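Given next are the chains, with one letter for each unit.
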Amino acid sequence: MRHAAVPPLRIAYSPCPNDTFVFDAWAHGRVPGAPELDVTFADIDITNGMAERGELDVLKVSYAVLPWVLDEYTLLPCGGALGRGNGPLVLTRGPDTDLTGGTVAVPSERSTAYLLFRLWAADVLPGGVGRIVVMPFHEIMPAVRDGKVDAGLVIHEARFTYQDYGLHSLADMGEHWESTTGLPIPLGAIIAKRNLGADTLQALAESARTSVRMAWDDPETSRPYVRAHAQEMDPAVAEQHIALYVNEFTADLGPDGYAAVRGLLTRAADEGLVPPLSPDALTFG
C-alpha cells in the first residue's frame with residue numbers, strides 16, 4: 001500500500017536579510033531530514049495578521065502578537081530575532097523635538113517596536129503623544145523628512161540609513177529597554193501550529209537551529225538567496241543587518257531570551273497594551 005506524500009509545510013517569513021540568511025539552507029533542502037517548506041515572503045505586519053487568522057503552519061511574527069495567537073500556535077525556541085543594541089529608533093527632523101501631543105508614524109500597532117515605543121513613551125512623555133499613524137515601513141522616513149509626521153518609529157536597516165534622509169535619532173527603544181530591564185530586546189518570533197504534533201514541532205525546532213548554524217559555518221552559500229530578496233539594499237548594509245539580528249538567541253532563546261519575552265509581554269499587559277499571558281503560554285510544544 002502506497003502512502004500519500006507528506007505535503008510541504010507552509011511557512012511565511014520576511015525577505016529581510018536576517019530571515020533569508022537563517023532559512024537559506026532549510027528552504028533549499030540542505031538540512032538533513034528537515035520537513036520540506038513551501039515559502040511565502042511577507043512583511044511582518046502581514047505575517048502578524050496571518051497568525052491572528054490562523055493561516056499557514058509556520059510564521060515569523062512580532063513577539064508583540066503572541067498574546068493573541070498562542071492558543072493555536074507555539075513559540076519555537078529558536079530561529080527568531082532578539083539581541084542587544086538593535087532596537088527600534090524614534091526619528092525626527094530635529095535633535096530636540098518634543099513629541100508631546102505630536103503625530104508619530106509606526107509600521108504596525110501589533111509589533112514589538114510599537115510595544116517598546118509605548119513603554120518608552122509611558123516613561124519619558126508624561127503628556128503622551130497625540131496621534132499614531134500606521135504606514136508602510138518604507139514610507140516612514142520620507143514622511144518624517146517631508147514634515148507629514150512629527151516622528152517615525154523605524155526598525156531593521158533604517159538604523160544604518162536614516163542619516164541619508166537628514167534625520168536624527170531622538171531615542172533608541174532598545175537602549176531604553178536594556179537600561180531599564182538588563183534584558184535583550186525581543187523582536188521577531190518563529191511560531192508553529194500546535195496541531196502539527198510534538199514530533200513535527202521538534203523537527204521544526206531542530207531544523208531551524210541547524211539551518212542557522214549552517215549559514216554561520218558557510219555564509220557565502222546563503223548570499224545569493226539573501227541578495228535576491230533584499231530588494232535594492234546595499235550588500236554592506238545587508239551584512240550589517242545579518243550581523244545585528246542573527247546571534248546566539250537565534251540558535252537558542254535560552255533563559256535570558258525567555259525572560260526577555262515574558263518581561264516585555266508582562267510589562268505591556270500591565271500597561272493594558274496586550275492581553276495577559278498564562279504561566280505556561282511560552283512553553284514549547
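Residues numbered from 1 in each chain as written. Predicted model: local features only at pLDDT ≥ 70, side-chain atom pairs only at ≥ 80, totals over all residues. Heavy atoms only, no water.

## Side note on unusual backbone geometry
Definition in use: A run of DSSP states H or I qualifies as a helix once it reaches four residues; a run of E qualifies as a strand once it reaches two. Both are numbered from the N-terminal end. Note on exposure labels: buried denotes an accessible area under 20% of the residue type's maximum, exposed denotes more than 50%, and partly exposed covers the range between, all computed with a 1.4 Å probe on protein chains only.
In the Ramachandran plot, Leu-56 falls in the positive-phi region, its phi being about 70° despite a non-glycine side chain. One can find Leu-56 in the loop between α2 (44-52) and β3 (58-62). The exposure class assigned to Leu-56 is buried, which follows from its relative accessible area of 12%.

## Examining helix α12 (residues 254-270)
The line we're drawing: Each residue after the first adds 1.5 Å to the expected span of a helix. Here, two residues are considered to be in contact whenever any of their heavy atoms come within 4.5 Å of each other.
For α12, built from 17 residues, the straight-helix expectation of 24 Å at 1.5 Å per residue is met to within 8% by its first-to-last C-alpha distance of 24 Å. For α12, the full list of buried residues reads Gly-254, Gly-257, Ala-260, Val-261, Gly-263, Leu-264, Leu-265 and Ala-268. For α12, the secondary structure elements touched by its buried residues are α3 (66-69), β5 (81-83), α4 (112-124), α7 (173-181), β11 (185-193) and α11 (248-251). Count one or two residues on from α12 and you reach Gly-272, which has phi positive near 75°.

## Details of the sheet that holds strand β9 (residues 151-154)
Spelled out, the test is: DSSP calls a pair of strands paired once it identifies at least 2 bridges connecting them. Between the N-to-C directions of two axes lies an angle of 0 to 180 degrees, each axis being a line fitted to C-alpha atoms and, for a helix, fitted only over the stretch in contact.
The strand order β8-β7-β9-β6-β10 describes an open sheet built from five strands, whose pairing is mixed. At either margin of the open sheet sits one strand with a lone partner, and together these are β8 (131-134) and β10 (168-172). Adjacent strand axes in the sheet meet at a mean angle of 30°, parallel and antiparallel pairs treated alike. As paired strands, strand β7 (residues 103-106) and β8 are joined by four bridges and run parallel to one another. Across the sheet, residue Thr-103 finds its bridge partner in β8, namely Arg-131. Here α4 sits on the sheet and contacts β6 (89-92), β7, β8, β9 and β10; the angle it forms with β9, its principal contact strand, is near 130°.

## A word on the side chain of Glu-178
Defined as follows: Polar contact is defined as a pair of N or O atoms within 3.5 Å, subject to the rule that within protein one atom must be able to donate a hydrogen and the other to accept it, and that residues adjacent in sequence are counted only when both atoms are side-chain atoms.
Note on placement: Glu-178 falls in helix α7. Within the structure, Glu-178 has its side chain in polar contact with the backbone nitrogen of Gly-85 (distance 2.8 Å). For Glu-178, the residues in contact, after removing those within four places along its chain, are Arg-84, Gly-85, Leu-183 and Ile-185.

## Brief notes about the pattern of salt bridges
Rule in force here: Within this document, salt bridges are pairs made up of a side-chain nitrogen of Lys or Arg and a carboxyl oxygen of Asp or Glu, the two lying within 4 Å of each other.
Applying the stated criterion across every chain yields a total of 11 salt bridges. A salt bridge links Asp-19 to Lys-60, with the nearest nitrogen and oxygen atoms 2.5 Å apart. Separated by 41 residues along the polypeptide, Asp-19 in helix α1 (residues 17-27) and Lys-60 in strand β3 bring together distant segments of the chain. Looking at Lys-60, the relative accessible area reads 6%, which means it is buried. Notably, a salt bridge pairs Arg-223 with Glu-239, separated by 3.0 Å at the nearest N-O pair.

## Looking at the nonpolar core
Keep this limit in mind: Only buried Ala, Val, Leu, Ile, Met, Phe, Trp, Tyr and Cys residues count toward a nonpolar core, and they belong to the same one when joined by side-chain atoms within 4.5 Å.
The biggest cluster of nonpolar side chains holds 54 residues, and the ones touching the most others in it are Leu-59, Leu-66 and Trp-120. Counting residues in each nonpolar core, the second largest holds 30 residues, with Ile-11, Phe-21, Leu-37 and Val-212 among its members.

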